[in-house]
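# Coordinates in review
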Amino acid sequence: MPKTTAAGALPADLTFESAMQQLDGIVRQLESGQGSLDEAIQNYEQGARLRAFCEKRLKDAELRISQIAVGAGGVTAAPFNETPAK
């Protein structure tokens, strides 16, 4: 698993696919029961950060996809806005 930055923060260049691979590795290690309690807690914390990262990336992708419209003139896409309109 790649090293994280200070205080367990995720690297700025982390991709969704890499995060999922890391999360899968953490789940496998936790399920195996190997390692100390402290390692398990650290892995759980890192897994929670990775899960939150992946959920945000998926939510962002869903928003972008929802902004794509197919009309008589073809496919158009509204500009992506980080905060959805209410």
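A word on the packing of helix H1 (residues 16-32) against helix H2 (residues 37-66). The description of two packed helices rests on the angle between their axes and on the distance between the axes. Packing of H1 against H2 brings their axes to within 9 Å, and their N-to-C directions diverge by 145 degrees. Here H1 runs over H2; the crossing is left-handed. Residues Phe16, Ala19, Met20, Gln22, Leu23, Ile26, Gln29 and Leu30 of H1 form the contact with H2, whose participating residues are Ala40, Asn43, Tyr44, Gln46, Gly47, Leu50, Arg51, Phe53, Cys54, Arg57 and Leu58. Residues of the contact of H1 with H2, tallied by class, amount to twelve nonpolar, five polar and two charged.

Let us now look at the nonpolar core. Across soluble globular proteins, nonpolar side chains show a tendency to be buried alongside one another. Grouped together as the largest cluster of nonpolar side chains are seven residues: Leu14, Ala19, Leu23, Ile26, Leu50, Phe53 and Cys54. At the level of elements, H1 and H2 are the ones that each hand at least two residues to this core.

Another point: H2. Across its 30 residues, H2 extends 43 Å between first and last C-alpha, which sits within 8% of the 44 Å expected from 1.5 Å per residue. Residues of H2 that are buried: Asn43, Gln46, Gly47, Leu50, Phe53, Cys54, Asp60 and Leu63. The secondary structure elements touched by the buried residues of H2 are H1.

Overall, the prediction assigns the protein a mean pLDDT of 84, with 77% of residues at 70 or greater. By mean pLDDT, the top-scoring element of the protein is H1 (96), and the lowest-scoring one is strand S1 (residues 68-71) (70).

About the criteria used
- Just so you know, the residues in each chain are numbered from 1, in the order the chain's sequence is written.
- The predicted nature of this model means local features are confined to residues of pLDDT at least 70 and side-chain atom pairs, given and counted, to a pLDDT of 80 or more, with totals for whole chains, interfaces and linings taken over all residues.
- Only heavy atoms go into the side-chain values, all of them from the structure, while hydrogens and water stay out.
- Inter-axis angles, ranging from 0 to 180 degrees, are taken between N-to-C directions of lines fitted to C-alpha atoms, where helices are fitted over the stretch in contact.
- Only DSSP runs of H or I reaching four residues or more are called helices, and only runs of E reaching two or more are called strands; each is numbered from the N terminus.
- Each crossing is labelled by how the near helix is turned from the far one, with a counterclockwise turn of less than a right angle marking it left-handed and a clockwise turn marking it right-handed.
- In this description, contact between two residues means that some pair of their heavy atoms is separated by no more than 4.5 Å.
- Only Asp, Glu, Lys and Arg are considered charged, only Ala, Val, Leu, Ile, Met, Phe, Trp, Tyr, Cys and Pro nonpolar, and every remaining residue, Gly among them, polar.
- Take the buried residues of types Ala, Val, Leu, Ile, Met, Phe, Trp, Tyr and Cys, join any two whose side-chain atoms come within 4.5 Å, and each joined set is a nonpolar core.
- Exposure classes here rest on a 1.4 Å probe applied to the protein chains alone. A residue is buried below 20% of its type maximum, exposed above 50%, and partly exposed in between.
- Helix span is expected to be 1.5 Å times the residue number reduced by one.
- Think of pLDDT as the predictor's per-residue confidence, scored from 0 to 100.

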